[in-house]
Amino acid sequence: MVLENEIFKDFEDIVGKNNINDGKVITTAYAYNWCMEFFNYMEDKEPSPFSSIPKAVILPASTEEVAEIIKLCNKYGIKFKAQSTGLGPWNQPSTDNCIIVDLRRMNKLVKIDEKNLYAVIEPYVSGAQLQVEAMKYGLNCHMPGAGPHVSPLASATSMAGPGFTSPSTGHSARNVLGVEWVLPTGDIMRLGAIGLKKKPDWYNGDGPGPSLRGIMRGWVGAKSGIGVFTKVAVKLFPYPCSTDFTITGKSPNYGFKIPKYLRLYVMDCKTYEFLEEVMLKVDEEEISFMCSHLSGSGLAAIFSNSLQGLIGKAKLAQLKVPIVILITARTDREFDYKQKVMDNLIQELNIKDIIGKSYSPEPVFYAEALRSNLGLHGFITTGSFQSSKGGSDTAAVCLLSTKMNIPLKMEYIKSGAIGNDSGKGVWMTSYESGHYYHMESPTMFDQTDDHSVKGMAEYMEASNQLDLLKHLGAPFFVEGTQMHELFGPHMSNYHIWLRKIKQAFDPNNIADSGFYISPHSKE
Amino acid sequence: MMDDEEYKHLIRRCIRCSICKWIPQLQIKSKKYATICPAIDMYNFHPYSGGGKIILALALEMEKIKPSEELRDIVYKCTECGGCDVSCKFLNNLEPLEIIIKLREKLVDLGYGPMPKQQQYIDSVKKNNNPYNEPHENRLNWLPEDINIDPNAQVLYFVGCTSSYRRKEMAIAACRVLNAAGVPFNILDNEEYCCGSPVFRTGDINTFKDFMNKNVDAIEAKNIKKVVFSCAGCYDTFKVHYPLYRNYNFEVKHSVEFFNELIENGKLLLTKKVPLTVTYHDPCHLGRNAEPYKEWKGKVVNLMPLISIHVPPKPKRCGTDGVYESPRELLKKIPELKFIEMERIKEYSYCCGAGAGVKSAFPEFALHTAKNRIQEAEDTGAQVITSSCPFCSTNLQDAIHESDSLLKYYDINELLMMAIGITDEKLKEFLGEVA
Amino acid sequence: MTEDILFQKLVEIFSSKYVSRERNILNNYSKDLSFYPEKAPKYVAWPTDTKKIEEVLKLANELKFSVIPISSSSGPRHHGDTIPHKDNTIVLDLSNMNKILNIDRKNRVVMIEPGVTFGKLIPELQNKGLRLLLPLHPRDSKSVLTSALEREPITIPRYHWDSSDPLLCTEVFFGTGDLFRTGTAAGPGTIKEQQATGQAQVNPMGPTQFSPFRVIQGAQGSLGVVTWATLKLELIPTIQKVVHIQSDTIPELLNLQHELIKYRLCNELLILNNLNLACLVKKNAQEITELKNKIKRWNLLYIIAGRGKLAEDKISYLEGDIRDIIGDLGLKGLISENIINDNDILQVLSQATPDPWRLKLKGGYQDIFFLTSFEKITEFISIVEKEVPQDLGIYIQPINQGTSYHCEFDLYYDPSNDAEKTNIKEKFLKISTNLMDSGAFFNRPYGILTKEVYKRHDDSTQTALKKVKKIFDPNNVLNPGVLCFDE
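Residues numbered from 1 in each chain as written. Chains lettered and ligands numbered in written order. Predicted model: local features only at pLDDT ≥ 70, side-chain atom pairs only at ≥ 80, totals over all residues. Heavy atoms only, no water.

S.K.: Got a minute to help me understand the overall build of chain C in this structure?
M.R.: On a plain count of helices and strands, chain C comes out with 16 helices and 17 strands. Relative to the compact-globule value of 23 Å for 487 residues, chain C shows a C-alpha radius of gyration of 23 Å, a close match. Counting only C-alpha atoms and orienting by the principal axes, one finds that chain C spans roughly 70 × 60 × 40 Å. Considering chain C as a whole, with its 487 residues, one finds that 67% of them fall into the buried category. Taking as baseline every contact in chain C between residues at least 6 positions apart, the subset at least 24 positions apart corresponds to 71%. For chain C, the exposed surface amounts to about 16200 Å²; the carbon and sulfur share of it is 46%. Taking the 59 positively charged and 60 negatively charged side chains of chain C as two groups, their mean positions are separated by 3 Å. (Helix = DSSP H or I, 4+ residues; strand = E, 2+ residues; numbered from the N terminus. Rg over C-alpha atoms; globule rule 2.2 N^0.38 Å. Buried < 20%, exposed > 50% of the residue type's maximum accessible area, 1.4 Å probe, protein only. Contact = heavy atoms within 4.5 Å. Areas by Shrake-Rupley, 256 points an atom, 1.4 Å probe, with all protein chains shown as cover. Lys, Arg positive; Asp, Glu negative; His and termini not counted. Charge placed at Lys NZ, Arg CZ, Asp CG, Glu CD.)

S.K.: It is not clear to me how the packing of helix α1 (residues 5-15) of chain A against helix α4 (residues 63-76) of chain A should be interpreted in this structure. Could you clarify?
M.R.: Pairs of packed helices are described in terms of their axes, by the angle between the two and the distance that separates them. Residues and elements named next belong to chain A. Contact pair α1 / α4: the axes reach a minimum separation of 9 Å and the direction vectors enclose 170°. By the angle between their axes, α1 is roughly antiparallel relative to α4. Of the two possible hands of crossing, α1 and α4 adopt the one that is right-handed. Together, Ile7, Asp10, Phe11, Ile14 and Val15 of α1 and Glu65, Glu68, Ile69, Leu72, Cys73, Lys75 and Tyr76 of α4 make up the contact between the two elements. In the contact of α1 with α4, the residues fall into eight nonpolar, no polar and four charged. (Axes fitted to C-alpha atoms, helices over the stretch in contact; angles between N-to-C directions. Parallel < 35°, antiparallel > 145°, perpendicular 65-115°, else oblique. Left-handed = near helix turned anticlockwise from the far one by under 90°. Nonpolar A, V, L, I, M, F, W, Y, C, P; charged D, E, K, R; others polar.)

S.K.: Whenever I open this one, unusual backbone geometry confuses me. Can you help?
M.R.: Of all residues except glycine, most have a negative phi; of all peptide bonds, most are trans. Residue and element names in this part refer to chain C. In this chain, Gly187 is followed by Pro188 through a cis amide linkage whose omega measures 10°. Checked against the element boundaries, Pro188 lands in the loop between β9 (179-181) and α6 (191-196). At the junction of Gly206 and Pro207, the peptide bond is cis and its omega measures out at 15° in the coordinates. Tracing the backbone shows Pro207 in the loop between α6 and α7 (213-216). A positive phi angle, near 55°, is found at Asn476, a position not held by glycine. Among the structural elements, Asn476 can be located in the segment after α16 (459-472). A relative accessible area of 16% places Asn476 in the buried class.

S.K.: Honestly, the pairing of strand β13 (residues 298-306) of chain C in this entry has me stumped. Any pointers?
M.R.: Every other side chain in a regular strand lies on the same face of the sheet, so the side chains alternate between the two faces. Residues and elements named next belong to chain C. The buried fraction of β13 is high, at nine of nine residues. Across the two faces of β13 the burial is the same, with Trp298, Leu300, Tyr302, Ile304 and Gly306 and Asn299, Leu301, Ile303 and Ala305 all buried. Looking at chain direction, strand β11 (residues 239-247) and β13 are connected through nine bridges and run antiparallel. In the sheet register, His244 faces β13, and the bridge partner there is Leu301. Relative to β13, strand β12 (residues 269-273) runs antiparallel, the two sharing five bridges. Each bridged residue has a counterpart across the sheet, and for Leu269 the counterpart in β13 is Tyr302. (Pairing = 2+ DSSP bridges.)

S.K.: I would appreciate a short explanation of the pairing of strand β6 (residues 307-311) of chain B in the present structure.
M.R.: Residue and element names in this part refer to chain B. The sheet contact formed by strand β5 (residues 299-304) and β6 spans five bridges and is antiparallel. Paired with Val301 across the bridge in β6 is Ile309. Two successive antiparallel strands, β5 and β6, enclose a turn made up of two residues, where Leu306 displays a positive phi of approximately 75°.

S.K.: Honestly, the interface of chain A and chain B in this entry has me stumped. Any pointers?
M.R.: How big an interface is tends to be stated in terms of accessible area lost as the parts join. Contacts between the two partners involve 78 residues from chain A and, on the opposite side, 61 residues from chain B. Of the roughly 5600 Å² buried at the junction of chain A and chain B (both faces included), carbon and sulfur atoms supply 64%. The largest share of the area that chain A buries against chain B comes from Val25(A), Tyr32(A) and Lys250(A), three residues that together contribute 13% of it. Linking chain A with chain B are three salt bridges. (Buried area = accessible area lost by both parts, 1.4 Å probe. Salt bridge = Lys/Arg side-chain N within 4 Å of Asp/Glu carboxyl O.)

And the structure:
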């Protein structure tokens, strides 16, 4: 369904002829995304990897262009879906009366403010790009767990926000300072100090008065359902160790000159109860750059760059309840102290570190850890995975959730629908030195196998039900009207308030709500 | 290369992660030079990327889209540089480059490929044995009289169409260096034909095989032991693609490999100072794409539901074994030459923009890409950018000209000539003489 | 409806013991230390449980009267944000809801009602080895929850992971009278059910795709009435070492402060001018003046801390690393010893006080505070010092892990001296607007400055805030007239 000529022309006048396309080929390609098959199936559609086909794809180059595009959408009653690096079904239109606003051309790193420890970025700056530029100042950014190739702006404003380094770099949503936001009406709003009429700057995004960051997003973001974020200031952190980042060899057999002041510990806690004790103790010491629990098979995966390599790490996969801790330091003193803390904990807890003893990772692991490339290892077994669950509160609930999920997951493993991780496949991390925790259950499936796709969808639904009925926290994927109406009544009727926000900020219902909430319950 | 069944399977496996748009994540050193794909850099819409083209292949297969000129234009706006392939395969098991090649073949079969401009080149290859519409009998016009050719030599210099007709200085330089090293060598005279690369890369496999056979027959008839190329494209075609269809009994070397060995063996003496700061551009055909296919005969073993492995492990062609060190070692051996690297090098080198028919069909795209590369070279502080491929040579020099850059381009063998004592002016003189 | 009937309805809700219309009591709520014009509420009510709050809010919506929630039991209020704007106003004094609902050592979190004061909570937490993230030496009778809701800066910037810290989850009645729980407290499940699965309401974000706690915070009671909140805690260190660095000029101290926060090397970290430091540690005007004259003009205070068996090791590593930084910055000569007792500084930075420190010098003060970036601090100091050459306290607090700075200027005056009071009021307005025009971000706008602040801010923010108000308090019953909201 292409745009009418006159409407097309209006959009074209904003971005120029090379930056809009409503041809069948381009628009169809934009209808494809990872996990669309089982998301479609969950919505009682055919398990196709394609979503609704957008009417057109448009590539703005500036905030003003985005605003004009959205105003036109309002004028013509056409919905929009914005995307940055575009990974995942959340980027897909939920209706064919929709254009995709691909923010790829908005890729400026506006500034790195060394003194005030933040960076201002546009949507198409990738995590790796931001990190390497921050490193030049001895600084680091919080990298989205999805990997260094995705957009930190999207993570900060619109998506989820965990990362492997969350114990030391927190959560994307909590690292947000100033924000530039094109509302669903096309009005541009600037949050915090960047909204000052005189001498605006990016160092703070709250107020005056209440912080509209609370409307912008929650634990997860609004996935373009509340407008388009065109610039954001994100907090920077000290780079955890020496910034010397020397890769050797050729892809895929990269070596890495391990920088000074980096040490990995992997320990098998054997039980979830003991894991909780260990994790809390380690976190209270405020020493870890990374502190994660993965299942044995997950652990083997982060140390493997191929399925063959993974098979060779069967011993790691046999660990019952492993914890992975990476400590980093800036000086000899700091490094010595942190190692001493770990030595003491290991002794006190009577636990064994296998690193350097029964197992030593390839040096490239450290490069991937520093660059947050580890999440991508989830793809090496079946070709695709998606996480169920995704709640966040204490370590205790994360581990209870992990335990309670095992029998459910085993049902689907036995049916051959999802990959066999003994039901224990999980990634759990602490945040802010253990002030809260999050767990998700990466689940492997094969997107080319219908049985697997359908099984995955059914497992996701069952897992959501488990979280709901057993009070294990709200999963990541409580988004979209159907899910909100399922969970809302059990959660302070939040869906009613979220809907009011949608109605107030998007009076013409122009921002695609497929992964947010529709203004009317029957839509 | 993949068969149809594997193609149909793999095109359903793209996760749209866009890693194909970037150099390998661990290699990113700056925001400015983080990207790998010239097509997405130029055209921005996702289908132009490696992953985007996989989606197009799937959409075509699922009949979500029909073959069309719109589709053809996107698919052919690709230099087939293989950068996407390297980045993807750091962790994944997709074959973006082969899928793109196969998709082009499908478009040819459906009557939608190649691009009309490219068709002219292909027609010329068929008619004139070269893509440039030049008479075959003029193929040796570049050859100065004072080059010593030895009809009985066991080393053959395969000149290639582009050096023969368009980048004559490269052919001359290669021959001068061979003479200077005292290596007896032969050339194929009028028996040298287009290597077939242009037809292969646009999907006409039968014509490709004809040219392969003509060349291999001619070389084998002369009892040649070693064939040396200064053209990365011809080298890649001989080394990587001929063996997919026919085995041959001679060794192939790019001149950078051969000359580097000659220097190491003391046969080629570099006595003159070349006090230039030089950066090297890895041609895709000499770098990542020069990695040969390794034959795999094994089986797929189902370990457990959804998880299968290849037994024995199936080699993954990741650009690991391209020719990367020889040109660098060679440059470092030139007295007083200061060698300096660009950010994107070796298996994640940025393409010059000329390959896979792009220069002919989409010259503005080729130039845009080359300008990007020239900027990267300039940022190193180098005075000279060098490479070892006639297509890269032409395109990079066009970009230097168009962007008013102060950089100079020399073929790597021209730098060798300077180090041997044959100055740049002398080279021009030769060219004048030949003209 | 006559006033008597309204009063009667309030009595029905609260019982006569907990509603008052006595003039002298109402007068307590009619003014504060700010220059905001006096106005008494019509009634005051003291809810003792959440049901009563719900009922009074529903009634307010029905009968169209205004409600101003306040939490602190006694002691001076400061910023004009609780003084009624409208005639028909009831003050909801939550100070009787003062239970510490749960202290959770394992998850380092406390759940408190609004009436819990610093004076009550700090020792309770201390008993369990825990501590609050404190604003600078708070009044002991001050509500802990209010302080967090007002986004008061805390003195340990490395623990200030988000400008909302230490506030986590809340239970809140929106202006509509609807009960809501923010963050993970929203569910699924009741708080009891959540606690049964090991949850402790430690994640403030959400539920799902919005974080209403962020709009409740900073709203000055105009969007909701919070009935409990969870707050983030830290463990009490075993060893704390105070370092006091003095200088006649501020730039070098700012540079050191930047390095210390950049590498997260110390806990408490702040800069005070000599007057404010003296006000904090001394008892009366004379002592304050003496100390002020004894110490240098600018004072950087920081505390390094260690905990447990390796506390000494940590101190030793931190001391070494900081020594290197101080050496690199060439500041070795500035470290002062024994001018002020370390324990006095520790006391100030870890305890509440019955004696508000800003009132010690002259009995009155007007503070001007805002956020800014590192580079602008000295410019703003010059602007204020030019106008106020004496009796000016200055406090510079890096917040949010060093991404911005709370700048506070305390203009001390004698409230019994009308001329001085008038002069300070004029200066307060003039300086504040000058600062605003120079780019100071008054992110917490109060009282008579509010209009000036919003006038200088992007109009779209006001429009959006008004939409938010309309959603959560459509009948404008909660504290009307504050911020950019209609009276």
